[in-house]
Amino acid sequence: MGILAKVGAALQRLFGEIAENAADESGVIQRKRKFTGLSLARTFVLGFLQNPEASDEELAQMAVQNGAEVTPQAIDQRHTPKLADFLQKLFCWGTKLVVGSDKALAPILERFTSVTVLDSSTITLPDSMQEHFAGCGGSYGGGAAAMKLQTELDLRSGAVSHVQIEPGRSPDAATSRQHVRHGKGSLRITDLGYFNVLIFAAMMAAEEHFLSRLQFGTGVMLRDGDSVDLLPWLAQQPGPFVDEPILLGQEQRLACRLIAWRLPQEQANRRRQKLRQETISKKGREPSAERLAWCDWTILVTSVPVDMLTPKEAAVLYRARWQVELLFKRWKSQDLVAVLNGSTVVRQMVRVWSRLLAALVQHWLVIASVWGDPTKSLTKACEAVRAFAGRLAASLACLTELERVLANVCQALAKTCRRNKRSKPGTFELLNDVNLLEFRLT
């Protein structure tokens, strides 16, 4: 099945069968007058896709395009807890529709059965939601109420392969996604929030691979069993990269690789500044001298063997982890998923779920059109697809017509959305030619 057929089928399922099931379970449609579950889903999701700050009047106009001739006052009256519940269910089920590009992004990724980046983003919610979505309190944990989106991005296809909703106070290390296996030959890339030697051991036992930063204070031994004072030892190693077989963990002694390189002084100083701010904010004290010295290095650990991944390739793959961070940035800055506007808590939650759904649909359209094209800006593409929201609404009943609209989206984005000129290569270019990655060593 081609990508347009995949996206078309996903859209029809989301705004068809899934919307009907969500409407039945939430009880959002009591009497079928103007709205059905289908038209209600299409009105709010496509309305906020077209404009993340859509007014009741604009939503009423979108409703007409979806077969529900209603007034702005009717839209206002639709803002009930059942509508918020309906949209939440729609989002949870919609994220199970995995839509990925059929383009080969880069040969380096084809060495693995899948390449998954796992990361999370937190959205602050109204305080009254803390019973269901407990936050950490204060500015850092998202306030009294917050939800965390544990998100898996498939780098090979661009698909958002999983989104799990958790309370904002839940630590990344404790998420149940840690224990989900992706199959023999897969690769998982994570930041320090998910660092766990026992999890890495379980992955290796399942013949899966991991790539992660090394957590400060973790025991490291050379393969002969000798403990090593890591920073002085690294400083003595020749060459731009250190690539050494090690035993990871004081007790587990997990056989893997350590890959490290020294950072330019300017970058290391920025890391130290950030570390100081975070440590003082959370713990009320300065970080130790050893911890500050750790900022001079990027240190990775991986189970991928030497003959399958060079140190420079490992650096590029870990750098590609930022694609999920950029996804979160687009969701928050462009789609406004974390903006709590609205006169009531219900209105605020309706907007949160509607915007998340709109962001999901938006991502499908971008994946279908420009994923993997180094000449295109994903940020510009996300904005460009908004203009097609009305045409999508009009074509949802007919897959052939829907695919025609999706083809028009691809054609429009192919001629526009060019990335601004930059002095350094982007992720897609680096994945296809790791030699473009330059290291400025001190």
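For the structure itself, consult the block above.
Residues numbered from 1 in each chain as written. Predicted model: local features only at pLDDT ≥ 70, side-chain atom pairs only at ≥ 80, totals over all residues. Heavy atoms only, no water.

Participant: What should I look at first to understand the packing of helix 2 (residues 37-50) against helix 3 (residues 56-65) in this one?
Facilitator: Helix packing geometry: the angle between the two helix axes and the distance between the axes. Relative to each other, helix 2 and helix 3 sit at 120°, their axes nearing to 9 Å. Taken together, the axes of helix 2 and helix 3 are oblique relative to one another. Classified by chirality, the crossing of helix 3 by helix 2 is right-handed. Within the contact between the two elements, helix 2 uses R42, T43, F44, L46, G47, F48 and Q50 and helix 3 uses L59, M62 and A63. Of the residues assigned to the contact of helix 2 with helix 3, the class counts are six nonpolar, three polar and one charged. (Axes fitted to C-alpha atoms, helices over the stretch in contact; angles between N-to-C directions. Helix = DSSP H or I, 4+ residues; strand = E, 2+ residues; numbered from the N terminus. Parallel < 35°, antiparallel > 145°, perpendicular 65-115°, else oblique. Left-handed = near helix turned anticlockwise from the far one by under 90°. Contact = heavy atoms within 4.5 Å. Nonpolar A, V, L, I, M, F, W, Y, C, P; charged D, E, K, R; others polar.)

Participant: Mind showing me how you'd approach helix 2 here?
Facilitator: Compared with an ideal rise of 1.5 Å per residue, which puts 14 residues at 20 Å, helix 2 spans 20 Å between its outermost C-alpha atoms and is within 8% of the ideal. Along helix 2, twelve of the 14 residues are buried, which leaves the element largely enclosed by surrounding structure. Along helix 2, the residues that are buried comprise G37, S39, L40, A41, R42, T43, F44, V45, L46, G47, F48 and L49. Where helix 2 is buried, its residues meet helix 1 (3-26), helix 3, helix 4 (72-77), helix 5 (81-94), helix 12 (345-369) and helix 14 (389-395). (Expected span 1.5 Å × (residues − 1). Buried < 20%, exposed > 50% of the residue type's maximum accessible area, 1.4 Å probe, protein only.)

Participant: I'm lost on the packing of helix 2 against helix 5 in this one. Help?
Facilitator: Where helix 2 meets helix 5, the closest approach of the two axes is 11 Å, and the angle between their N-to-C directions is 85°. Here helix 5 runs roughly perpendicular to helix 2, going by the angle between their axes. Each of G37, L40, A41, F44 and V45 in helix 2 lies in contact with helix 5, whose residues at this interface are L83, F86, L87 and L90. Of the residues assigned to the contact of helix 2 with helix 5, the class counts are eight nonpolar, one polar and no charged.

Participant: Explanation requested: the pairing of strand 3 (residues 160-167) in the structure shown.
Facilitator: Each regular strand shows side chains that alternate between the opposite faces of the sheet. Two elements, strand 2 (residues 146-154) and strand 3, share seven bridges in a ladder whose sense is antiparallel. When the bridges of strand 3 are listed, M147 appears paired with P167. Linking two consecutive strands that pair antiparallel, namely strand 2 and strand 3, is a turn of five residues; a positive phi of about 80° is found at G158 within it. (Pairing = 2+ DSSP bridges.)

Participant: Which parts of the structure should I look at to understand the side chain of R355?
Facilitator: Examined against the element boundaries, R355 turns out to sit in helix 12. Lacking a salt bridge, the buried R355 has E53 as its closest oppositely charged neighbour, with an N-O distance of 5.7 Å. Beyond its immediate chain neighbours, meaning those up to four positions away, R355 contacts F48, P52, E53, D335, L336, V337, V339 and N341. (Lys, Arg positive; Asp, Glu negative; His and termini not counted. Salt bridge = Lys/Arg side-chain N within 4 Å of Asp/Glu carboxyl O.)

Participant: Would you mind going over the sheet that holds strand 6 (residues 220-222) with me for this structure?
Facilitator: Strand pairing within a sheet occurs via backbone hydrogen bonds; the two strands may be parallel or antiparallel. With mixed pairing, nine strands are arranged side by side in an open sheet as 3-2-1-4-5-9-8-7-6. Among the strands making up the open sheet, the edge pair consists of strand 3 and strand 6. Geometrically, the sheet is characterised by an average inter-axis angle of 30° between neighbouring strands, direction not taken into account. Relative to strand 9 (residues 297-302), strand 8 (residues 254-262) runs antiparallel, the two sharing six bridges. Following the sheet pairing, L258 is matched in strand 9 by V301.

Participant: Explain the packing of aromatic side chains to me, please; I cannot follow it from the model alone.
Facilitator: By convention here, two paired aromatic rings are described through the distance between centres and the angle between planes. Enumeration according to the criterion identifies seven aromatic pairs in this entry. Relative to W353, the ring of F91 lies with its centre 6.0 Å away and its plane at 45°, an arrangement referred to as tilted. Here F91, found in helix 5, pairs with W353, found in helix 12; they are 262 residues apart in sequence, far enough to count as distant. Each member of the pair F91 and W353 is classed as buried. Look at F216 and W294: their rings are 5.2 Å apart centre to centre, the planes differ by 85°, and that puts the pair in the edge-to-face class. With a gap of 78 residues between them, F216 in the loop between strand 5 (209-213) and strand 6 and W294 in helix 9 (residues 289-294) connect regions that are remote in the sequence. One aromatic cluster in this structure is built from F195, F200 and F210. Sitting above the plane of the W322 ring, R321 keeps its charged end 5.3 Å from the centroid. (Phe/Tyr/Trp six-rings, centres within 6.5 Å; stacked < 30°, edge-to-face > 60°. Lys NZ or Arg CZ within 6 Å of the ring centre and 35° of its normal.)

Participant: Looking at this structure, I do not really get the pattern of salt bridges. What am I missing?
Facilitator: Summed over the entire model, instances satisfying the criterion amount to 21 salt bridges. The salt bridge partner of D85 is K89, with a shortest N-O separation of 2.9 Å. Within this pair, D85 and its partner K89 are both found in helix 5, separated by four residues, close to a single helical turn. One salt bridge in this structure joins K148 and D172, with 3.3 Å as the shortest N-O distance. Placement of the pair is K148 in strand 2 and D172 in the loop between strand 3 and strand 4 (187-190), with a sequence separation of 24 residues. Relative accessible area serves as the criterion here: at 15%, D172 is assigned to the buried category.

Participant: What is the right way to look at unusual backbone geometry in this model?
Facilitator: Excluding glycine, residues mostly carry a negative phi; peptide bonds, for their part, are mostly trans. One non-glycine residue, E207, adopts positive backbone phi at about 65°. Note that E207 resides in the loop between helix 6 (197-205) and strand 5. Classification of E207 as partly exposed rests on a relative accessible area of 47%. Backbone geometry at R253 places phi at a positive 50°, although glycine is not the residue there. Here R253 is to be found in the loop between strand 7 (242-248) and strand 8. Note on R253: relative accessible area 43%, which makes it partly exposed.

Participant: Would you mind going over the nonpolar core with me for this structure?
Facilitator: Residues L11, L317, L356 and W364 are the most contacted members of the largest nonpolar core, which totals 113 residues. No other element matches the 15 residues that helix 12 contributes to this core. (Core = buried A, V, L, I, M, F, W, Y, C linked by side-chain atoms within 4.5 Å.)

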